[in-house]
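Here are the chains, one letter per residue:
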Amino acid sequence: MKSHAKVVVIGGGVVGCSVLFHLARHGWTDVVLLERDELTSGSTWHAAGGMHTINGDPNVAKLLKYTISLYKEIEELSAQATGVHLTGGVLLAATEARLDWLRGVVSKGRYLGIDLEVISAKEAAELMPLIDPKQFVGAVRNKEHGHLDPSGVTHAYAKAARKLGAEVERFTKVEDIVRRPDGLWRVITNKGDVITEHVVNAGGLWAREVGRMVGLELPVLAMEHMYLITEDMPEVADWNKKTGTEIIHAVDFDGELYLRQERGGMLMGTYEKANKVWSEFSTPWNFGHELLEPDIDRIAPSLEIGFRHFPAFQKTGIKQIINGPFTFAPDGNPLVGPVRGLPGFWVACGVMAGFSQGGGVGLALSNWMIEGDPGADIWAMDVARYGDWATMTYTNAKVRENYSRRFSIRFPNEELPAGRPLKTTPLYDTLSTKGAQWGVAFGLEVPLWYAPEGVKDEFSWRRSTDFDHVGSEVAAVRNGVGLSEISSFAKYKVTGEGAAAWLDRLLACRLPKPGRMTLAPMLKGDGKLIGDLTLANVGEGDWFVAGSGVAEQYHMRWFEAHLPKDGSVQIKSLGQKLTGLAIAGPKARAVLAKVTRADVSNPAFPFMAVATIDIGMAPCLVGRVSYTGDLGYEIWMAPEYQRAAYQALIRAGEEFGIGLFGSRALNALRLEKNYGSWAREYRPIYGPLEAGLDRFVAYGKEAGFIGKEAAIAERKQGGKLRLRAFIVEATDADVIGDEAIWHDGVVRGWVTSGGYAHNAKKSIAMGYVPKEIADRPDGFEIEILGKRHAARIQATPLFDANFERMRA
Ligand SMILES: Cc1cc2nc3c(=O)[nH]c(=O)nc-3n(C[C@H](O)[C@H](O)[C@H](O)COP(=O)(O)OP(=O)(O)OC[C@H]3O[C@@H](n4cnc5c(N)ncnc54)[C@H](O)[C@@H]3O)c2cc1C
């Protein structure tokens, strides 16, 4: 075994082997994979081998498509059979709500290039003869669905990697990992040490143990999972004989089942409600090629539905039940990427569908390690979407919930209850008594809307019980004044003698003068966005930065990776050590003036001013800015002052009819201002020009900034896309995000977010289209629940287009 390598990949399951292959294919051949046993000694060997292109996140779905397209290449390169059978499949709906969900999947597929088609239950039964069509209301046909040989695929990756120069060391157990003073990693194995720049944790079932070697508690947990294989079935033999083809795959969401042909019989797997965690706290090292004891009682309720939906199973014996463990992250998507605070330590774990996701994970990770960027928008898989709050107990609750809901519908207004409430602000109880309906962002409870006694969300794809109440919250803001809790923003404090110079280079904007704020796009080297922040110059060398709450860990990883080594700059994430409130609306200044001695008149405290001001007795940092697009203020205070500030503002606002508003009203308000937000409109695949943030980029900044050359090139060449706001002729349902945008009968773009703008009384969608059609007045349609609705571009904001209210 070599004693030095550029990269050590730990784990020879399908994921580790894919990472190794991709690194070697990308030109890094001084790489070694260490496997404690034979390859495939974790979850991989007993997988059912199914593969498909369906994922809730379109960017992950793209990587699934890539994975499936890769198998031919690795088979050819390695001369190792992968056993791929691209049979195609049907996704079945037993209820109308499920069919609505499937229509959304088809809409996404249109711009992702995934060939999906809504068909009737009868047509589904003609494609898959075991279906009882009476049990279903419709289906979707997916051509990119099939199965493979899990061991064959893993060995094909490994052999292909070896051919390209990578090494694989079997029976080599990593026992510890130590960071040396020179920044290199010492990987200690039972066969000696390997010194390396990069370590990849692809430990699968043992990812937690490998993480713990470097002091990391990863939010992953293994669950038991069962599938059965039947005796040979005459129906299968008949079909094979009649058509000369295999029986295609089926996913029965309402039965929580997946099915495919296995030799002369069928394989049926289920995500049962009464699920079972495996090895809750640590994974035994002596586990390997064993299976777990099957428990037919646990899966009996699902099988009962399965036998009804696919009656031929009733007449067939079960040959074998496989029960094996595999790992999940709390939301069921993989954990991929560099780990904050551990330079050179990477993870590729929590991969619950290794044969659909493994290729994409390997591609993204190898790009990231070699090019410094994953080369795709992999936010939904990024390990940075979790923070310290994702503890072992939280993970346990969430993984169980996610497993039991694997095939359940999640409605756009549905909040999942497990692991909550976890993080709350001091106002949680007070706002709950006012009817706050809570959502969650980066582990923190956030008020979505305020419900009168006895009213709550009815889960639906369409406008629901909150509609009128959110409308009233919007009206309170636009007609008077509203107050909202904004603690879920990420907040950072930057100090030190080098702070100004560092921020100047990190951010694409010009730095504001003391007492002023600015919007601050942050770019990557390729000129694409990595943040849309607000930067405030608080004076005396102190800087305050606010950004997307869910991206706190993501941004801290970026900030810390770019800090000067000389210690001249300090950045601290304030988390919930700083809480916030916002007031907005034409009466907002009158309210503020009542609770402070400071002069908050327009000349003294104009738009984008920032100052330390007492609100009642509470010392606060106040910025004159509002995401509502109205006259408004964001007010930041230590948590021990939040109640006092809240009460002072509510008391002062009484005479103006102050109302509480939640994030759904905020969404309605920002939409009529054409404001985008991080993780929706602004993502790391768009340039500032494309996203409409170019007006905040100081292209001529002498000091230069990260991504400057690429941003200038984008401006010169015009980029490819444009973000646009559309008014949609919708009736009872608005866009959610990820719907297809049609132009002249062809799918040309995708929706990033939207909803109903109650004040303007318009249904609005925001989304990207090619620049060539971005200024066409008409010809657009936006698909909602499978129906195309006429849409037109709304170039100027529907509310306060001339900023008269905001700057008044
Ligand atoms: C019953 C069942 C059915 C499934 N069906 C499907 C399916 O149809 N389709 C699908 O896509 N997925 C399926 N899966 C999930 C799939 O198996 C996993 O997504 C996949 O195997 C994860 O691969 P991995 O490489 O991340 O982890 P693993 O397969 O667990 O591999 C990790 C490897 O790392 C090694 N290792 C760990 N620690 C060390 C160390 N310290 N030193 C050296 N080596 C180490 C282990 O020995 C192991 O070989 C199924 C899983 C089960 C249990």
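Residues numbered from 1 in each chain as written. Predicted model: local features only at pLDDT ≥ 70, side-chain atom pairs only at ≥ 80, totals over all residues. Heavy atoms only, no water.

Caption draft 1: Just the sheet that holds strand 34 (residues 740-743), in detail. Pairing within the closed barrel is antiparallel, and its six strands lie in the order 33-36-35-34-37-38. Recorded for the sheet is a direction-independent mean angle of 45° between the axes of neighbouring strands. Of the strand pairs in this sheet, strand 37 (residues 780-784) and strand 38 (residues 787-793) are connected by five bridges, and their pairing is antiparallel. Bridging across to strand 38, E781 finds its partner in A790. Strand contacts of helix 17 (residues 663-671): strand 35 (746-757) and strand 36 (762-770), with the helix running at about 120° to strand 35, the strand carrying the most contacts. (Pairing = 2+ DSSP bridges. Helix = DSSP H or I, 4+ residues; strand = E, 2+ residues; numbered from the N terminus. Axes fitted to C-alpha atoms, helices over the stretch in contact; angles between N-to-C directions. Contact = heavy atoms within 4.5 Å.)

Caption draft 2: Region of interest: the pattern of salt bridges. For the structure on display, the rule yields 47 salt bridges. With its nearest N and O atoms 2.6 Å apart, the salt bridge here joins R180 to D182. Overall, D182 belongs to the partly exposed group, its relative accessible area being 48%. One salt bridge in this structure joins K701 and D504, with 3.1 Å as the shortest N-O distance. With K701 in the loop between helix 17 and helix 18 (708-717) and D504 in helix 13 (residues 499-506), this pair connects stretches of sequence that are 197 residues apart. Pair check on accessibility: K701 and D504 agree, each one buried. (Salt bridge = Lys/Arg side-chain N within 4 Å of Asp/Glu carboxyl O. Buried < 20%, exposed > 50% of the residue type's maximum accessible area, 1.4 Å probe, protein only.)

Caption draft 3: Main features of the pairing of strand 22 (residues 482-485). Of the two faces of strand 22, the one carrying G482 and S484 and the one carrying L483 and E485 are both buried. Across four bridges, strand 22 lies against strand 28 (residues 579-584) in antiparallel orientation. Within strand 28, the residue paired with L483 across the bridge is I583. Bridge analysis of strand 22 against strand 32 (residues 659-660) gives two bridges, and the strand direction is parallel. Bridging across to strand 32, G482 finds its partner in G659.

Caption draft 4: Here's a closer look at the packing of helix 1 (residues 14-25) against helix 2 (residues 58-78). Where helix 1 meets helix 2, the closest approach of the two axes is 13 Å, and the angle between their N-to-C directions is 70°. Between helix 1 and helix 2, the angle falls in the class roughly perpendicular. Together, F21, H22 and R25 of helix 1 and Y66, L70, E73, I74 and L77 of helix 2 make up the contact between the two elements. Among the residues forming the contact of helix 1 with helix 2, the class breakdown is five nonpolar, one polar and two charged. (Parallel < 35°, antiparallel > 145°, perpendicular 65-115°, else oblique. Nonpolar A, V, L, I, M, F, W, Y, C, P; charged D, E, K, R; others polar.)

Caption draft 5: Region of interest: the site of the ligand. Around the ligand, the surrounding shell holds 39 residues, and the nearest of these are E35, R36, T44, G50 and V351. Residue A48 places a main-chain N or O atom 2.9 Å away from a nitrogen atom belonging to the ligand. Residue classes in the shell around the ligand are distributed as 19 nonpolar, 17 polar and three charged. (Near = heavy atom within 4 Å. Polar contact = N/O pair within 3.5 Å; in protein donor to acceptor, adjacent residues only side chain to side chain.)

Caption draft 6: Expanded view of the sheet that holds strand 32. Taken in spatial order, the six strands make up an open sheet running 29-30-31-28-22-32, and their pairing is mixed. On the outer flanks of this sheet lie strand 29 (610-615) and strand 32, each paired with one strand and no other. Contacts from helix 15 (residues 588-595) reach strand 28, strand 29 and strand 31 (632-637), with the element oriented near 40° to strand 31. Contacts from helix 16 (residues 642-653) reach strand 22, strand 28, strand 29, strand 30 (618-623), strand 31 and strand 32 within the one sheet, and its direction differs from that of strand 28 by about 10°.

Caption draft 7: Highlighting the environment of G737. Position of G737 relative to the elements: it lies in the loop between strand 33 (721-728) and strand 34. Along the sequence, G737 and P412 sit 325 residues apart, while their C-alpha atoms lie 9.6 Å from each other. Filtering out sequence-adjacent residues up to four positions away, G737 remains in contact with V751, T752 and S753.

Caption draft 8: Quick peek at the environment of M226. Mapped onto the fold, M226 is located in strand 12 (residues 221-230). Measuring from C-alpha to C-alpha, the distance between M226 and E272 comes to 8.8 Å, with 46 residues separating the pair along the chain. Residues contacting M226, with those up to four places away along its chain left out, are G269, T270, E272, P294, D295, R298, I299, I321, I322 and N323.

Caption draft 9: Structural context of the side chain of S464. In this fold, S464 is placed in the loop between strand 21 (444-450) and helix 12 (467-479). The exposure class of S464 is buried, given its relative accessible area of 16%. Here S464 is in contact with N413 and E458, once residues within four sequence places are set aside.

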